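# Coordinate analysis (summary)
This is what each chain is made of:
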Amino acid sequence: MGIIWSIIIGFIAGAVAKFLMPGRDPGGFIITTLLGIIGAVVATYLGQAVGWYRAGEGAGFIGAVVGAVILLLIYRMVVGRRTV
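Residues numbered from 1 in each chain as written. Predicted model: local features only at pLDDT ≥ 70, side-chain atom pairs only at ≥ 80, totals over all residues. Heavy atoms only, no water.

With that out of the way, let us pick up the overall build of the chain. What the chain contains, in helices and strands, is 3 helices and 0 strands. Along the chain, helices and strands appear, N-terminal first, in the series α-α-α. Summarising the internal contacts of the chain: among those between residues at least 6 apart in sequence, 66% fall at separations of at least 24. (Helix = DSSP H or I, 4+ residues; strand = E, 2+ residues; numbered from the N terminus. Contact = heavy atoms within 4.5 Å.)

Shown next, in the form of structure tokens:
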């Protein structure tokens, strides 16, 4: 159930990240929410590796939003260079 919860939180975190970082995204809303899901899953596993979360415990909402914002910044830098 932990991975399902991370995906749900990641979806919401991706939507929040889109609202926190307005502007033209190369991928739009769907890519942003996918980045949020990936950010939440990565935050979960990194948090478990560091010892912030126990096994089966997912990253919190704020951690997922921070992960989504960071991934969105990286995505904009990488894809933005290719489109210019």
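Bringing the environment of isoleucine 12 into the picture now. Mapped onto the secondary structure, isoleucine 12 falls in helix α1 (residues 2–20). When its relative accessible area of 40% is taken as the criterion, isoleucine 12 is described as partly exposed. Separated by 53 residues in sequence, isoleucine 12 and valine 65 have C-alpha atoms that sit 8.4 Å apart. (Buried < 20%, exposed > 50% of the residue type's maximum accessible area, 1.4 Å probe, protein only.)

Ranked by size, the top nonpolar core spans 11 residues in total: Ile9, Ala13, Ala17, Met21, Leu35, Ala40, Ala64, Val65, Ala68, Val69 and Leu72. Among the elements of the structure, α1, α2 (28–50) and α3 (61–83) are those that each provide at least two residues to this core. Apart from the residues lying within four places of it in its own chain, the contact partners of valine 69 are Ala17, Leu20 and Met21. (Core = buried A, V, L, I, M, F, W, Y, C linked by side-chain atoms within 4.5 Å.)

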